[in-house]
Amino acid sequence: SCTLDLDGVGFRYKGGHDALSEVSLRLERGIVGLLGPNGAGKSTLMRILATLAKPTRGRVQWNGEDTARRPDPLRRTLGYLPQDFGVYPMLSAREFLAYLSAVKGVSAKRAAARVDECLAQVGLSEAADRRLGEFSGGMRQRVGIAQALLNDPKLLIVDEPTVGLDPEERLRFRHLLSDLAVDRLVILSTHIVSDIEASASSLAIMAKGRLLFSGTPEALIADA
Ligand code: ADP
Ligand code: ADP
């Protein structure tokens, strides 16, 4: 299964104010859209969910296990595309993913087949041997998804993936995430409402570190 439970999660940066307070929420399979203006706390929350930071209050559980105390079960099944994901422009897509597989400790023998599967999954088989420097922004983001898929994750965290993409690339990216969310929990942060209004199975709306709404898009409209 793929269930994340957040219970009273808070976070304060050293010497700063509360970047998150009292965030309680259950997330299950499908696309969860995390919405909010800049500074709302989306990236902070995603770093906590990706076990890159520990909550300073409350707890997060993945399938019933505390992710701060025992991060490994989640890390093994986590794919993360950070907002500032960069690629090596001189490498081909295939070379870059093979390199990342080696860094992640996948054996070279298994890696080659897995890299090709992931490139196929994101629609980049044809472009596998082209240099990343020649890729469009949308293609580069799909390479970012391909690297996040290398370990066949059940939880996929994607931070503001469509910034700077044109409408056609955004649409393609949305379809890709919908396909991936069939048997995964996909958490997508964005401030572009059209990225998620059609595809999200649930929404979490944040402002100033607090959760303003969580529920289905239908419930949000009914609330308004
Ligand atoms: P969002 O991703 O929604 O734009 P962030 O999680 O980046 O929001 O930021 C939430 C709050 O935490 C903001 O007030 C931001 O300035 C602050 N913040 C983010 N990163 C740091 C940091 N490294 N140190 C101190 N404050 C930070
Ligand atoms: P976002 O809001 O989309 O997360 P930002 O531009 O706010 O992006 O943050 C970029 C980087 O700067 C992040 O690594 C974040 O942790 C850091 N940062 C953001 N706000 C602060 C802050 N007030 N003090 C220190 N670092 C910050």
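Note: the structure precedes this text.
Residues numbered from 1 in each chain as written. Chains lettered and ligands numbered in written order. Predicted model: local features only at pLDDT ≥ 70, side-chain atom pairs only at ≥ 80, totals over all residues. Heavy atoms only, no water.

Colleague: Just give me the short version of the overall build of the chain, but keep the residues and values in it.
Modeller: For the chain, the count of helices and strands is seven helices and 10 strands. Computed over its C-alpha atoms, the radius of gyration of the chain comes to 17 Å, within 12% of the 17 Å expected for a compact globule of 224 residues. Residues counted as buried form 50% of the 224 residues belonging to the chain. Taking contacts inside the chain between residues at least 6 apart in sequence as the whole, the part at least 24 apart equals 69%. (Helix = DSSP H or I, 4+ residues; strand = E, 2+ residues; numbered from the N terminus. Rg over C-alpha atoms; globule rule 2.2 N^0.38 Å. Buried < 20%, exposed > 50% of the residue type's maximum accessible area, 1.4 Å probe, protein only. Contact = heavy atoms within 4.5 Å.)

Colleague: Help me get a handle on the layout of surface pockets, residues and values and all.
Modeller: The volume enclosed by the largest pocket comes to roughly 380 Å³. The set of elements that each furnish at least two residues to the lining of the largest pocket consists of β6 (78–81), α3 (93–103), α4 (108–121) and α5 (137–149). In terms of residue count, the dominant contributor to the lining of the largest pocket is β6 (three residues). When the residues that make up the lining of the largest pocket are grouped by side-chain class, the tally is nine nonpolar, four polar and four charged. (1 Å grid on protein atoms, 1.4 Å probe; cavity = no way out; pocket = protein on both sides within 12 Å on 5 of 7 lines; lining within 4 Å. Points joined across faces, edges and corners; volume = space filled by probe spheres on them. Nonpolar A, V, L, I, M, F, W, Y, C, P; charged D, E, K, R; others polar.)

Colleague: Please give an account of the side chain of S101 that cites residues and values.
Modeller: Among the secondary structure elements, S101 is positioned in helix α3. Its relative accessible area of 1% is what places S101 among the buried residues. With sequence-adjacent residues up to four places away left out, S101 is seen in contact with V106, A111, V115 and L150.

Colleague: Account for the environment of G138, naming residues and giving values.
Modeller: Its place among the elements puts G138 in helix α5. Sequence separation between G138 and P161 is 23 residues, and the spatial gap between their C-alpha atoms is 9.1 Å. G138 has contacts with L165 and E169, leaving out every residue within four places of it along the chain.

Colleague: A description of helix α1 (residues 42–49) should follow, citing residues and the corresponding values.
Modeller: Buried residues dominate α1, accounting for six of its eight residues. Downstream of α1 by one or two residues, T51 has phi in the positive range, about 60 degrees.

Colleague: Got a sec to walk through the site of ligand 1? Specific residues and values, please.
Modeller: The full set of residues close to ligand 1 is Y13, H17, A19, P37, N38, G39, A40, G41, K42, S43, T44 and R47. S43 has a polar backbone atom sitting 2.8 Å from an oxygen atom of ligand 1. A distance of 2.5 Å separates an oxygen atom of ligand 1 from a polar side-chain atom of T44. For ligand 1, whose free accessible area comes to 560 Å², the fraction covered by protein is 62%. By residue number, the principal contributor to the shell around ligand 1 is α1, which donates four residues. Here the residues of the shell around ligand 1 are counted per class, giving four nonpolar, six polar and two charged. (Near = heavy atom within 4 Å. Polar contact = N/O pair within 3.5 Å; in protein donor to acceptor, adjacent residues only side chain to side chain. Areas by Shrake-Rupley, 256 points an atom, 1.4 Å probe, with all protein chains shown as cover.)

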